[in-house]
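Close look at the chain arrangement
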Amino acid sequence: EAGVTQFPSHSVIEKGQTVTLRCDPISGHDNLYWYRRVMGKEIKFLLHFVKESKQDESGMPNNRFLAERTGGTYSTLKVQPAELEDSGVYFCASSQGAGDFNYGYTFGSGTRLTVV
Amino acid sequence: LAKTTQPISMDSYEGQEVNITCSHNNIATNDYITWYQQFPSQGPRFIIQGYKTKVTNEVASLFIPADRKSSTLSLPRVSLSDTAVYYCLRVIYNQGGKLIFGQGTELSVKP
């Protein structure tokens, strides 16, 4: 079974530019989550999709961040325009149910975003 | 949402049993506790999850006492490859199963 795939693995962009991160969850996983770790801080929740619907976007930092999940398959997270404080590692996780008790969530390896 | 509290770092030797404790005084009735392992440049990986008492799987045991204010992850006979960061997390089931991360425990296993 393929895992959760995120790309790019690294991205370096200039302040003010736009970046789009992509996450391909495990096939059949209805639940998809985005998390991020900014420098020196803990990993924090950004938002949660169930299929193509946003269930909870309470962790999105501001309106420069836009997440979509087309057709309930892959998801994208766009940052426009990027600011220096957006630098960090962005993780995607998926599960069949909202937190499988025996198998938990499967995380991708993350996208390391550097805004210069 | 209150985070969990765990030791920042721990050292151990190969072959020893390692117990990592976690404090979650304000855990809500619907929350579960789950533990994840993370290696550098990788995403967190699920280890075990529980609500109360003891849960055991092929890699670890998790004990949560009746008051649920703390939990202990037990790793039997660690090896060098168990060197990683271990996170004790709250699973907020009444908010779609979101995870609340703390700072994690950096475990170093020495030969």
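Just above, that's the structure.
As the structure is a prediction and not an experimental result, all values here were calculated from the model.

1. Regarding the nonpolar core
Core analysis: the largest hydrophobic core is formed by 21 residues, its most contacted members being Trp-34, Leu-46, Leu-47, Met-60, Leu-77 and Tyr-90 of chain A. Here Leu-47 of chain A is in contact with Leu-32, Tyr-33, Trp-34, Lys-54, Asp-56, Glu-57, Met-60 and Ala-67 of chain A, once residues within four sequence places are set aside. Grouped together as the second largest cluster of nonpolar side chains are 19 residues, Cys-22, Leu-62, Ala-84 and Leu-107 of chain B included.

2. Things to note about the layout of surface pockets
By volume, the largest pocket is sized at about 710 Å³. In terms of residue count, the dominant contributor to the lining of the largest pocket is strand 11 (residues 111-115) of chain A (four residues). Among the residues making up the lining of the largest pocket, the classes are represented as 12 nonpolar, 17 polar and five charged. Approximately 430 Å³ is the volume attributed to the second largest pocket. Along the wall of the second largest pocket there are 19 residues; nearest its centre are Phe-46, Ile-47, Asn-57, Glu-58 and Val-59 of chain B. Mapped onto the lining of the second largest pocket, the elements with two or more residues apiece are strand 4 (45-50) and strand 5 (53-56) of chain B. Ranked by the residues each element gives to the lining of the second largest pocket, the list is headed by strand 4 of chain B, at five residues. The class makeup of the residues in the lining of the second largest pocket is 11 nonpolar, five polar and three charged.

3. Points about the pattern of salt bridges
Residues and elements named next belong to chain A. What the rule picks out here adds up to nine salt bridges over all chains. Between Asp-86 and Arg-64 there is a salt bridge, with its nearest N and O atoms 2.6 Å apart. Pair noted here: Asp-86 is in the loop between strand 8 (75-79) and strand 9 (88-95) and Arg-64 is in the loop between strand 6 (53-56) and strand 7 (65-68), with a separation of 22 residues, a long-range link. Pair check on accessibility: Asp-86 and Arg-64 agree, each one buried. Shared partners join several salt bridges into a network, and the residues in it are Arg-64, Glu-85 and Asp-86.

4. Digging into the pairing of strand 10 (residues 105-110) of chain B
All names here are of chain B. The two faces of strand 10 differ: Thr-105, Leu-107 and Val-109 on one face are buried, but Glu-106, Ser-108 and Lys-110 on the other face are not. Bridging between strand 1 (residues 9-13) and strand 10 involves five bridges; their strand directions are parallel. In the strand pairing of strand 10, Met-10 is matched with Leu-107. As paired elements, strand 8 (residues 84-92) and strand 10 share three bridges and run antiparallel to each other. Across the sheet, residue Val-85 finds its bridge partner in strand 10, namely Glu-106.

5. Section: the sheet that holds strand 6 (residues 61-64) of chain B
Residue and element names in this part refer to chain B. Across the sheet, which stays open at both edges, the four strands sit in the order 2-7-6-5 with antiparallel pairing between neighbours. Of all the strands in the sheet, just strand 2 (18-23) and strand 5 have a single pairing partner and so form its edges. Strand after strand, the sheet turns through a mean of 15° between neighbouring axes, direction not considered. As paired strands, strand 6 and strand 7 (residues 70-75) are joined by three bridges and run antiparallel to one another. When the bridges of strand 7 are listed, Ser-61 appears paired with Ser-74.

Rules of the game
- Residues numbered from 1 in each chain as written.
- Chains lettered and ligands numbered in written order.
- Predicted model: local features only at pLDDT ≥ 70, side-chain atom pairs only at ≥ 80, totals over all residues.
- Heavy atoms only, no water.
- Core = buried A, V, L, I, M, F, W, Y, C linked by side-chain atoms within 4.5 Å.
- Buried < 20%, exposed > 50% of the residue type's maximum accessible area, 1.4 Å probe, protein only.
- Contact = heavy atoms within 4.5 Å.
- 1 Å grid on protein atoms, 1.4 Å probe; cavity = no way out; pocket = protein on both sides within 12 Å on 5 of 7 lines; lining within 4 Å.
- Points joined across faces, edges and corners; volume = space filled by probe spheres on them.
- Helix = DSSP H or I, 4+ residues; strand = E, 2+ residues; numbered from the N terminus.
- Nonpolar A, V, L, I, M, F, W, Y, C, P; charged D, E, K, R; others polar.
- Salt bridge = Lys/Arg side-chain N within 4 Å of Asp/Glu carboxyl O.
- Pairing = 2+ DSSP bridges.
- Axes fitted to C-alpha atoms, helices over the stretch in contact; angles between N-to-C directions.

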